[in-house]
Amino acid sequence: VQLQASGGGLVQAGGSLRLSCAASGSIFSINAMGWYRQVPGKQRELVAAITSGGSTNYADSVKGRFTISRENAKNTVYLQMNSLKPEDTAVYYCNAGRYSGTSYVDYWGQGTQVTVSS
């Protein structure tokens, strides 16, 4: 599975951005896709995830502001980020996971920088 992320950038507080992540390769077996973020010196954290069945999960810090969705025909997952705050500044990583036998395998896209100015 290969993941190509795009859509990061610089935005003022209160603004919006949309991240996209296109999957290719062995996509038929993907169980869930999501977005994580990381700032220097801290662990990577889950922002939002969506399963193949459409169930979603969000970090408490982004609930009500961010929306994750997927377009199966394009094998793409989106993260719509509204009401952005300076604390949302991070490198955002696309993630996909699938079962391989009894193991669960994670795949990562390249990071995309999101910077929110105050």
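Given the structure is predicted, the values throughout are model-derived calculations rather than measurements. (Residues numbered from 1 in each chain as written. Predicted model: local features only at pLDDT ≥ 70, side-chain atom pairs only at ≥ 80, totals over all residues. Heavy atoms only, no water.)

Participant: Looking at this structure, how should I read the nonpolar core?
Facilitator: One broad trend across soluble globular proteins is that nonpolar side chains are buried collectively. Leu3, Met33, Trp35, Leu79, Met81 and Tyr92 are the most contacted members of the largest nonpolar core, which totals 30 residues. The set of elements that each furnish at least two residues to this core consists of strand S1 (2-6), strand S3 (17-24), strand S4 (30-38), strand S5 (45-51), strand S7 (66-71), strand S8 (76-81), strand S9 (90-100) and strand S11 (112-117). Look past the residues within four positions of Leu3 in its chain and what remains in contact with it is Cys21, Ala22, Ala23, Met33, Cys94, Asn95, Ala96, Tyr107, Trp108, Gly109 and Gln110. (Core = buried A, V, L, I, M, F, W, Y, C linked by side-chain atoms within 4.5 Å. Buried < 20%, exposed > 50% of the residue type's maximum accessible area, 1.4 Å probe, protein only. Helix = DSSP H or I, 4+ residues; strand = E, 2+ residues; numbered from the N terminus. Contact = heavy atoms within 4.5 Å.)

Participant: Just to check I follow, could you spell out the packing of aromatic side chains for this structure?
Facilitator: Centre-to-centre distance and the angle between the planes together describe a pair of aromatic rings. Evaluation of the coordinates by the stated rule reveals 2 aromatic pairs. A centroid spacing of 4.7 Å and a plane angle of 70° characterise the contact between Tyr99 and Tyr104, whose relative ring orientation is edge-to-face. With a relative accessible area of 35%, Tyr104 lands in the partly exposed category. Sitting above the plane of the Tyr93 ring, Arg44 keeps its charged end 3.7 Å from the centroid. (Phe/Tyr/Trp six-rings, centres within 6.5 Å; stacked < 30°, edge-to-face > 60°. Lys NZ or Arg CZ within 6 Å of the ring centre and 35° of its normal.)

Participant: Explanation requested: the pairing of S7 in the structure shown.
Facilitator: Remark: a regular strand shows side chains that alternate across the two faces of the sheet. Bridge count between S7 and S8: 6 bridges; the pairing is antiparallel. Looking at the pairing, Thr67 lines up with Gln80 of S8. Following S7, the chain reverses through 4 residues before pairing antiparallel with S8; Asn75 in that reversal takes a positive phi of roughly 50°. (Pairing = 2+ DSSP bridges.)

Participant: Explanation requested: the side chain of Arg65 in the structure shown.
Facilitator: Structurally, the position occupied by Arg65 is in the loop between strand S6 (56-58) and S7. With residues up to four places along the chain from it excluded, the contact list for Arg65 reads Gln80, Met81, Asn82, Ser83, Leu84, Lys85 and Asp88.

Participant: Please clarify how the state of the cysteines should be interpreted in this entry.
Facilitator: One way to say it: the disulfide is the covalent bond shared by the sulfur atoms of two cysteines. A complete count under the given rule lists 1 disulfide for this structure. The disulfide bridge from Cys21 ends at Cys94, spanning 1.9 Å between sulfur atoms. On the sign convention where negative is left-handed, the bridge of Cys21 and Cys94, at about -85° about the S-S bond, is left-handed. Of this pair, Cys21 sits in strand S3 while Cys94 sits in strand S9, and the two are 73 residues apart along the sequence. (Disulfide = S-S within 2.5 Å.)

Participant: Would you take a moment to explain the environment of Thr115 for this structure?
Facilitator: Mapped onto the fold, Thr115 is located in strand S11. Under the relative-accessibility criterion, Thr115 is labelled partly exposed at 27%. Remark: the alpha-carbon pair of Thr115 and Gly9, spanning 106 residues in sequence, is separated by 6.1 Å. If we ignore the near neighbours within four places in the chain, the residues touching Thr115 are Gly9, Leu10, Val11 and Thr89.

Participant: It is not clear to me how the confidence of the model for the protein chain should be interpreted in this structure. Could you clarify?
Facilitator: Close inspection of predicted coordinates is inappropriate for parts of the model with low pLDDT. The predicted model of the protein chain averages 94 in pLDDT, with 100% of residues at 70 or higher. Least confident of the elements in the protein chain is strand S10 (residues 103-108), whose mean pLDDT is 92; most confident is strand S2 (residues 9-12), at 98. (pLDDT = per-residue confidence, 0-100.)

Participant: In this structure, what is going on with the pattern of salt bridges? I would like to understand it.
Facilitator: Note that side chains of opposite charge can pair when their charged atoms are close. If you walk through the whole model with that rule in mind, you get 4 salt bridges. Between Lys63 and Asp60 there is a salt bridge whose closest N-O contact spans 3.1 Å. Both residues of the pair, Lys63 and Asp60, count as exposed. We note a salt bridge from Arg65 to Asp88, for which the minimum N-O separation is 2.8 Å. Taken together, the positions of Arg65 in the loop between S6 and S7 and Asp88 in the loop between S8 and S9 put the pair 23 residues apart, joining distant regions of the chain. Accessibility expressed as a relative area gives 1% for Asp88, which makes it buried. Among the charged side chains, a network of salt bridges with common partners joins Arg37, Glu45, Arg65 and Asp88. (Salt bridge = Lys/Arg side-chain N within 4 Å of Asp/Glu carboxyl O.)

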